[in-house]
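# Results of the structural survey
Here's the letter readout for the chains.
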Amino acid sequence: MEVARLVRTGLLVGLVGAIIHLTSSVVSPIVPFFVIGLLYFLMQIPGGPGPERTPPLFDEQTLGSGLGFGVAAVQGGRPYMEDMYQVVTFNAEDGTSAGSTSKNGAGLNNTAVSSPAADTLGLLNFFAVYDGHGGKLAAQYVHKHLVPRIVSALEQNVSVEAAALDDGSSVLGKSLREGFLQADEAFIRGAAKLGLSDGSTAIAALLQRNGVLTVANVGDSRCALVRKDGSCVALSSDHKPNRPDEKARVCAAGGWVVHQGCWRVAGDLAVSRAFGDRHLKRYGVCADPELTRFTLGPGDSYLLLATDGLWDVVKEPACGQVLSKCSSALEGAKALCTLALRRGSGDNISVLIIDLNKFAASASLSGCGQRESAPAAAVAAHGAVTKRSATGNGTHG
């Protein structure tokens, strides 16, 4: 809930209390009930103190790299829409935005960023989905500030470590980690001043010209790769509190993991890594991203990034089957949202699909279709579905 909404709610409740106090001993007892009814009516007004409905968002774009993407985002059964997503093109030739700048619904941000360091590393695009919890502010902050932090780290690290660039993997990984942690630290400082406890997960994918994909994950949104044969493999592993290595990390920091509807850190948060959640930082909740590098091959068809509103009810095999029957990324994104709703997802659902079918990697592409490194909980062989520990209901608390 945003600060302005809290203020309006407080003022309205105070007004109702004053009216009830002044009228209860003077006028008929029916007056307080009338005032309560008026309060309920006001709560239904968009922008008022009650839940708000965000219309579904559907969009598609074609990027200069030959990639196309489609987005579908629906509020579902939650009282507020707290998901966001992002598409960034590095060093667009015309120097302009890569496409639409519409901010309807979940907040599409499709922009171009100029960065000599990104060009040195051959970066083409940055794709991300953010899943806010406890309010929208953490997701909104990361949506605005994460990429500038990553680019700033890239500029510094490329200039310092130019002699050790090689394929850029070490510099890119270091810069991603620094960007994530710096964005989190900056948000925490602001949240402390305002007394906010908002948080957000993030799943991001950086694509280089040579077809190398680097996936950065914080939380339980997920990235998966769909092949032309309809198979689907996860490229990230969810940060659930009961994942053995995550539970050990949380406990080592002085936190604990208990089952309350689902597994939660300190009985509160249903993910063990996230931006924000400042009250849980001392218990091991962090925004340190887990990285996976993967080289795309000619058999890869779609890259799928989605929030847990999809993954809680639709697993990778079903996603692959659905997308193999769709003629476009947007059609696939809509179909997966519809399937998730049909299967009972009560969460916000955001699905970002990148169409790889027309993507042509540079001649330096080698080792097509091979996973180069993987999260601790993932299997190393390309083609196997990521192993992950049992999960709860996926709610963030």
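The text that follows walks through the structure, step by step, so that each part is easy to find. Here the structure is a predicted model, which means the values were calculated and not measured.

## Concerning the pattern of salt bridges
Under the criterion given, the structure shown has twelve salt bridges. With a closest N to O distance of 3.0 Å, arginine 222 and glutamate 316 form a salt bridge. Taken together, the residues arginine 222 in strand E8 (residues 222-227) and glutamate 316 in helix H8 (residues 316-323) connect sequence positions 94 residues apart. Here arginine 222 falls in the buried class, since its relative accessible area comes to 3%.

## Notes on the pairing of strand E11 (residues 262-265)
As paired elements, strand E10 (residues 257-260) and E11 share four bridges and run antiparallel to each other. Residue pairing in the sheet places histidine 259 in a bridge with tryptophan 263 of E11.

## Section: the packing of H8 against helix H9 (residues 329-342)
Where H8 contacts H9, the axes come no closer than 9 Å and their chain directions differ by 135°. Relative to H9, the element H8 is oriented oblique. Between H8 and H9 lies a crossing whose hand is right-handed. Across from Cys319, Val322 and Leu323 in H8, the residues of H9 making contact are Gly332, Ala335, Leu336 and Leu339. Along the lines of polarity and charge, the residues of the contact of H8 with H9 split into six nonpolar, one polar and no charged.

## Observations concerning H9
Over its 14 residues, H9 runs 20 Å from end to end, which matches the ideal 20 Å to within 8%, given 1.5 Å per residue. Every buried residue belonging to H9 is among Ala329, Leu330, Gly332, Ala333, Leu336, Cys337, Leu339 and Ala340, and all of these are buried. Its buried side turned inward, H9 meets strand E1 (57-62), strand E2 (68-74), strand E14 (300-306), helix H7 (308-311), H8 and strand E15 (349-355). Following H9 by one or two positions, glycine 344 adopts a phi angle in the positive range, close to 95°.

Quick notes on the rules
- Within every chain, residues take consecutive numbers counted from 1 along the sequence as written.
- Side-chain atom pairs in this predicted model are given and counted only at pLDDT of 80 or more, local residue features only at pLDDT of at least 70, and totals for whole chains, interfaces and linings cover all residues.
- Only hydrogens and water are set aside; all other atoms, that is, all heavy atoms of the structure, feed into the side-chain values.
- A carboxyl oxygen of Asp or Glu within 4 Å of a side-chain nitrogen of Lys or Arg is what we treat as a salt bridge.
- By definition, any uninterrupted DSSP run of H or I lasting at least four residues is a helix, any uninterrupted run of E lasting at least two residues is a strand, and each is numbered from the N terminus.
- Relative accessibility thresholds used throughout: buried, under 20% of the residue-type maximum; exposed, over 50%; partly exposed, between the two (1.4 Å probe, protein chains only).
- Only when DSSP finds a minimum of two bridges between them are two strands counted as paired.
- Note on geometry: axes are lines fitted to C-alpha atoms, helical ones only across the stretch in contact, with angles between N-to-C directions running from 0 to 180 degrees.
- The scheme is simple: roughly parallel for angles under 35 degrees, roughly antiparallel for over 145, roughly perpendicular for 65 to 115, oblique for anything else.
- A crossing counts as left-handed when the near helix is turned anticlockwise from the far one by less than a right angle, and as right-handed when that turn is clockwise.
- Here, residues are in contact when the closest pair of their heavy atoms is within 4.5 Å.
- Here the term charged refers only to Asp, Glu, Lys and Arg, the term nonpolar to Ala, Val, Leu, Ile, Met, Phe, Trp, Tyr, Cys and Pro, and the term polar to all other amino acids, Gly among them.
- What a helix is expected to span follows from its residue count: subtract one and scale by 1.5 Å.

In short, shape yes, function no, at least from these values alone.
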